[in-house]
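Now for the letters of each chain:
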Amino acid sequence: MLDGFSAETLARAQFAFTVSFHIVFPAFSIGLASFLTVLNGLWLRTRNETYLTLFEYWKKIFAVAFGMGVVSGIVMSYQFGTNWSVFSDRAGPVIGPLMAYEVLSAFFLEAGFLGIMLFGRKRVGDQLHMFATAMVAFGTLMSATWILSVNSWMQTPAGFSITENGQFYPEDWWAIVFNPSFPYRLVHMVLAAYLTTALVVGAVGAWHLLRNSIDAAAGKMFSMAMWMLLLVAPLQIFVGDAHGLNTLEHQPVKIMAMEGHYDSHPHGAPLILFGIPNPEEKRIDYAIEIPKLSSLILKHHLDAPLDGLDTIPDEDEPPVVIVFWSFRIMVGLGFAMLGLAGWAAFGRMRKRFYDARWLQRASIAMGPMGFVAVLAGWVTTEVGRQPWTVYGLLRTSDSLAPVAAPAVAASLIAFIVVYFFVFGAGTFYILRLMGKTPTAKGGTHAA
Amino acid sequence: MLLDLPFIWAGIIAFAVLTYVILDGFDLGVGILFPSGKSEQDRDVMMNSIAPVWDGNETWLVLGGGGLFAVFPLAYAVVMPALYMPITIMLLALIFRGVAFEYRWRTERWKWVWDRAFFGGSLVAAFMQGISLGALVQGIKVVDRAYAGGWWDWLSPFSIITGVAVVVGYALLGATWLILKTEGQLQYNMRRIARPTGIALLGFIGLASILTPLQDPIYAQRWFNLPGSIFSVIVPTLVIAAAVALWHGLRTEKDAMPFVATLSLFVLCYIGIGISFYPNIVPPSLSIWEAAAPDKSLAFALVGTVVLVPIILIYTAYAYWVFRGKIDPNEGYH
């Protein structure tokens, strides 16, 4: 099995597989931890039982998701060494300390207070329990901060020099941590996590409202989720655009692939809405395009020239087809989220909200789309920066460990089998928890 | 720079790995002993004795991996490919046991599956950690900043012995932890298990002590020449003292003494391994100074470590304190 693939291809497949599985859980638990903190705070403030019911309900789901995030994350911390040891040796002096900071300031915080948050309310009292919940949430955000700094440094390296033995040598830690793409990527990812969670919470609320439109807890979570969506979806589109402009400045080749610009456009580039990339002929077939709009978006001028992939050597070109499509999936879903948020707001104004069946059905359909958008976004940025691990400096093919293809193939197959079995079961349990009605007592919501 | 940063960091990494071995040691040990829980309630109690803390325990493993990457990137880059298979298997095993904590409460029909996953995952993870230790003691071949050995170098009679030894050691840690945390029949059963397990562990410690100097003459030199020979007297004496304390604690039915004695055994063995290794981080040829990242990286990471590790220790201790005392079988966590 998997004969004929090189160790490099297999190692890349393995990293893509394990990291894609992993990112799903943090994307959910970052948002959910913040949501739980808000619910716990509202419960302590208002003593409205609905908030406590929701806290206990989502806490169980959080515990399962968080457990899956932990175990799939441990794999990641070793994957750098097993398959990408040359990269680890070279880039370790720069990104290693950042990852150590992630462990020290985030993982321990989450893990240390998780037990108290899950099992300790009676033992420590409301105040300390609230503190523990907030620490877990804070830990998830710290974790995102450090790991996105690492990733951003690999995309837009700064503050380093290169030594004789090929190692990256840290010169300026401030410049390394706050490298050019880091602030944009961090905000974009945290908002994505919040959107993902809001969509899931909204879908679960909608599911139960469809069964019982006066369920107080279901109504509350649906309402909170739709407010969150209304707040964050437009913000995310704005931040995403800013992130794109930042990418144009530092990784223009990635933008060429995202836009499908095989050719340079000296007098204003069109925005290609859809089309089928043809990598052999280096053109977009059946392209539907709006003239000069790409120049307007990226350069804020209709006639601004934009370079295409024809300006760079073939060996530096990322896989255009994947990037072209994943980018469109992400953007399309982003606008669909905005649409759902607008629909919900409109329904709320017209007092057709808790019993708006089509809105609720649409919310259920959109429930998993945050995950899809997160994955599509990561595929865009990670495939789009190929063929480099440290952008422009260290090629992916030069980062590989001295591993033999059969060993990587065997472990890849093992990971696939185990992940589908274990995380399939976990997803099933989470869905079953979500299928249970949040409030046993019933009751009506204050419309 | 006046400070010998690689030396300081070697101490910190050694501390992190020791903390991991002790903390995850007893919680993997509980997993290894899981089938000895006779009833459903026994197994629930065993699981609940570690449910609030296992996640924090395992984080020390991430610090071990992440810390090594940060401060000894070359050691990380050499050891991981050399131990590719045992580490991958260990990671997969940890997945099975880790998810079992939540999954087994979410299903009736499949509870037995996750109970077995918890046992099997704990057992295999412990065995692979022992194998990795043995392979490291035997030495890892490095040429030109990269691993230069074969794919099966890690597998040898010696590494299998250290693998079994770690399983036995973790089982003893688990048994004595449960003596501390439980009452009645379950506690009685754990005392009965602890005795033969303790004897077996002492046997393995003796065997490993004899075999280790045979793996590489340098180990013998370190132990039988000054200043190492001082430790050759002290460490075994303390091992015997800890063994006596363990035996006494089990016979007089003390709650905490067997656990503390077992912890001491682990610390002493760990010191013994440290004496054999130093000044190498990857035997037989890679020293801590050769493997270290530049001082600038070490200093940057050290600032945060000095501030954060004490804080981590405080809130970790607090979490243990919150869940102190015997496990009440009627206090369901889920």
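Residues numbered from 1 in each chain as written. Chains lettered and ligands numbered in written order. Predicted model: local features only at pLDDT ≥ 70, side-chain atom pairs only at ≥ 80, totals over all residues. Heavy atoms only, no water.

Student: Help me out: how do you make sense of the side chain of B:Arg97 in this one?
Tutor: By the secondary structure assignment, B:Arg97 is in helix 5 (residues 84–103). Contact partners of B:Arg97, with chain neighbours within four places excluded, come to B:Asp24, B:Asp27, B:Leu28, B:Ile50, B:Glu58, B:Ala117, B:Phe118, B:Gly121 and B:Ser122. (Helix = DSSP H or I, 4+ residues; strand = E, 2+ residues; numbered from the N terminus. Contact = heavy atoms within 4.5 Å.)

Student: What should I look at first to understand empty space enclosed by the protein in this one?
Tutor: Summary: where empty space remains is shown by rolling a probe the size of a single water molecule over the atoms. Counted by the stated rule, this structure contains 4 cavities of 30 Å³ or more. For the largest cavity, the calculated volume is near 140 Å³. In terms of lining residues, the largest cavity is bounded by 16 residues, among which A:Leu114, A:Leu118, B:Trp54, B:Phe101 and B:Glu102 are the most central. At the level of secondary structure, the elements contributing two or more residues to the lining of the largest cavity comprise helix 2 (49–83) and helix 3 (85–119) of chain A together with helix 3 (54–71) and helix 5 of chain B. Of the volumes computed, that of the second largest cavity is approximately 80 Å³. Along the walls of the second largest cavity sit A:Phe108, A:Ala111, A:Gly112, B:Pro52, B:Val53, B:Gly56, B:Asn57, B:Tyr315, B:Thr316, B:Ala319 and B:Tyr320, which together make up its complete lining. Looking at which element gives the most residues to the lining of the second largest cavity, the answer is helix 13 (residues 295–322) of chain B, with 4 residues. For the lining of the second largest cavity, the residue count by class is 7 nonpolar, 4 polar and no charged. (1 Å grid on protein atoms, 1.4 Å probe; cavity = no way out; pocket = protein on both sides within 12 Å on 5 of 7 lines; lining within 4 Å. Points joined across faces, edges and corners; volume = space filled by probe spheres on them. Nonpolar A, V, L, I, M, F, W, Y, C, P; charged D, E, K, R; others polar.)

Student: I would appreciate a short explanation of the packing of helix 1 (residues 7–46) of chain A against helix 2 of chain A in the present structure.
Tutor: Residues and elements named next belong to chain A. Where helix 1 meets helix 2, the closest approach of the two axes is 7 Å, and the angle between their N-to-C directions is 150 degrees. When the interaxial angle is binned, helix 1 and helix 2 end up roughly antiparallel. Between helix 1 and helix 2 the crossing geometry is left-handed. (Axes fitted to C-alpha atoms, helices over the stretch in contact; angles between N-to-C directions. Parallel < 35°, antiparallel > 145°, perpendicular 65-115°, else oblique. Left-handed = near helix turned anticlockwise from the far one by under 90°.)

Student: What exactly am I supposed to notice about the pattern of salt bridges here?
Tutor: If charged atoms from side chains of opposite charge come close, those side chains can pair. Residue and element names in this part refer to chain B. Applying the stated rule across the entire model yields 23 salt bridges over all chains. Between Asp44 and Lys111 there is a salt bridge, with the nearest N and O atoms lying 3.6 Å from each other. With Asp44 in helix 2 (residues 40–48) and Lys111 in helix 6 (residues 111–138), this pair connects stretches of sequence that are 67 residues apart. Residue class for Asp44 comes out buried when judged on its relative accessible area of 18%. One network of salt bridges, with partners in common, ties together Glu40, Arg43, Asp44, Arg104, Lys111 and Asp115. (Salt bridge = Lys/Arg side-chain N within 4 Å of Asp/Glu carboxyl O. Buried < 20%, exposed > 50% of the residue type's maximum accessible area, 1.4 Å probe, protein only.)

Student: Got a minute to help me understand the confidence of the model for chain A in this structure?
Tutor: Low pLDDT means the predicted atomic positions in that stretch should not be read closely. In this model, chain A carries a mean pLDDT of 88, and residues with pLDDT of at least 70 account for 98%. Mean pLDDT values for the elements of chain A range from 82 in strand 4 (residues 283–290) of chain A up to 94 in helix 6 (residues 182–211) of chain A. (pLDDT = per-residue confidence, 0-100.)

Student: Explain the nonpolar core to me, please; I cannot follow it from the model alone.
Tutor: The tendency in soluble globular proteins is for nonpolar side chains to be buried as a group. Ranked by size, the top nonpolar core spans 206 residues in total, and within it A:Trp58, A:Phe423, B:Phe72 and B:Tyr103 carry the most contacts. In terms of residues, this core owes the most to one element, helix 2 of chain A, which gives 19 residues. When neighbours within four sequence positions are excluded, B:Phe72 is seen to be in contact with B:Pro6, B:Trp9, B:Ala10, B:Ile13, B:Gly67, B:Ile281, B:Ile288, B:Ala291 and B:Ala292. Formed by 25 residues, the second largest nonpolar core is a distinct cluster that contains A:Val232, A:Ala341, A:Ala356 and A:Ala362. (Core = buried A, V, L, I, M, F, W, Y, C linked by side-chain atoms within 4.5 Å.)

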